[in-house]
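# Remarks on the overall topology
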Amino acid sequence: MVLLTHFIGALFGLLSVVFGAFGAHALKKRLSEEQLRSFETGVKYQMYHALLLLVLGFNLNLGTALEQYMVYCFMLGTFLFSFSIYGLTLSAAKGKKLRFLGPVTPLGGLLLVIGWSLLLYSFIQNIL
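Relative to the assigned elements, Asn61 resides in the loop between helix H2 (33-59) and helix H3 (65-93). Once residues within four sequence positions are removed from consideration, Asn61 is found in contact with Val2 and Glu67. In this structure the side chain of Asn61 is engaged in a polar contact, spanning 2.9 Å, whose partner is the backbone nitrogen of Gly63.

Written out as structure tokens, the structure reads:
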């Protein structure tokens, strides 16, 4: 589980740098300011959670069910949140907005909130 967490964290980090550069250079002239901000939001959240996955992988043994659910929430939530934003933004720029991705973004956000809640709960559990 730790290796998977490190791998996904590193992959998300790598892709966020690639997508960030792609957005800043290749998409700057094709996207509106609002679309570019949305794309950048996806990149930021992806990088934040890439770093979080790496930190969790290095600091937890991820042996408990709670820790594993937390990591899965961060992985799936990041994927659904950020990649649905990329899909929505790029498809809208081409004039063929993929509307089915609209509900995916908040679902990814909900998984991220659950992941952070589980992390908080694990800290509370360790205090008590």
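Counting residues in hydrophobic clusters, the biggest one holds 20 residues, and the most contacted among them are Leu53, Leu56, Met70, Val71 and Phe74. Elements represented by at least two residues in this core include exactly helix H1 (2-25), H2, H3 and helix H4 (104-127). Examining the composition of this core, we find that 9 residues originate from one element, H3, more than from any other. The next biggest cluster of nonpolar side chains, apart from the first, holds 7 residues, and it includes Phe19, Leu36, Phe39 and Tyr86.

Reading the values: the criteria
Residues numbered from 1 in each chain as written. Predicted model: local features only at pLDDT ≥ 70, side-chain atom pairs only at ≥ 80, totals over all residues. Heavy atoms only, no water. Helix = DSSP H or I, 4+ residues; strand = E, 2+ residues; numbered from the N terminus. Contact = heavy atoms within 4.5 Å. Polar contact = N/O pair within 3.5 Å; in protein donor to acceptor, adjacent residues only side chain to side chain. Core = buried A, V, L, I, M, F, W, Y, C linked by side-chain atoms within 4.5 Å. Buried < 20%, exposed > 50% of the residue type's maximum accessible area, 1.4 Å probe, protein only.

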